Amino acid sequence: MILTFSNVGPPKSIVLRYYIRIMIGFLTVITLYSFVIIIIFFSMKYVVLNDRVILKCGWYKKIIMFSQIEKVAIENIKANLLADSYSPIKFPGYALGRVYTFDKGLVYMCATRVNKKILLIYLKNEEKVGITPKNIEEFKEFLLKKAASFQEEK
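Residues numbered from 1 in each chain as written. Predicted model: local features only at pLDDT ≥ 70, side-chain atom pairs only at ≥ 80, totals over all residues. Heavy atoms only, no water.

Asks: Go over the side chain of T101, please, and point to the residues and values.
Replies: The residue T101 is located in strand β6 (residues 94-101) in this model. In this structure the side chain of T101 is engaged in a polar contact, spanning 3.0 Å, whose partner is the backbone nitrogen of K104. Among the polar contacts made by the side chain of T101, one reaches the main-chain carbonyl oxygen of G105 at a distance of 2.7 Å. When near neighbours in sequence (up to four residues on either side) are disregarded, T101 contacts I77, K78, A79, N80 and V107. (Helix = DSSP H or I, 4+ residues; strand = E, 2+ residues; numbered from the N terminus. Polar contact = N/O pair within 3.5 Å; in protein donor to acceptor, adjacent residues only side chain to side chain. Contact = heavy atoms within 4.5 Å.)

Right under this line is the structure:
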């Protein structure tokens, strides 16, 4: 007498429920990720006032006084996103909060790019801020003029 088992394993309904739960979880993660990206993208802005520039990226906010600007340069940086434990927000194409870089150390980022053509603002307290405005050259010149005017006032 030979016994054969053709229906070995869990019933199909259990397997189907398992796959449905995995897909719902995956779609939930993708939806939340997309929602956060949309919020950050549409809320990222640089507000210029008489004596300062305010960087707003999602829920991040950084105030830079023109009198504290030491140097402004457009640079390529090498961000170490895998070893970075300072910034809880890491999205492809976005850099928010403090990001550790190989060549510059810690840089406070409010940028839509991570590595190339970053407008780095060096502050007198040795802090560095990286941004990516649309008109990067014009914004650089503007910041340099404002910083120079505040240096002359002293």
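Asks: Can you break down unusual backbone geometry residue by residue, with the values?
Replies: Of note, K117 is a non-glycine position whose phi angle comes to about 50°, a positive value. Here K117 is to be found in the loop between β7 (105-111) and β8 (118-123). Of note in the backbone geometry, E126 takes a positive phi value of approximately 70° without being a glycine. Relative to the helices and strands, E126 is located in the loop between β8 and β9 (128-131).

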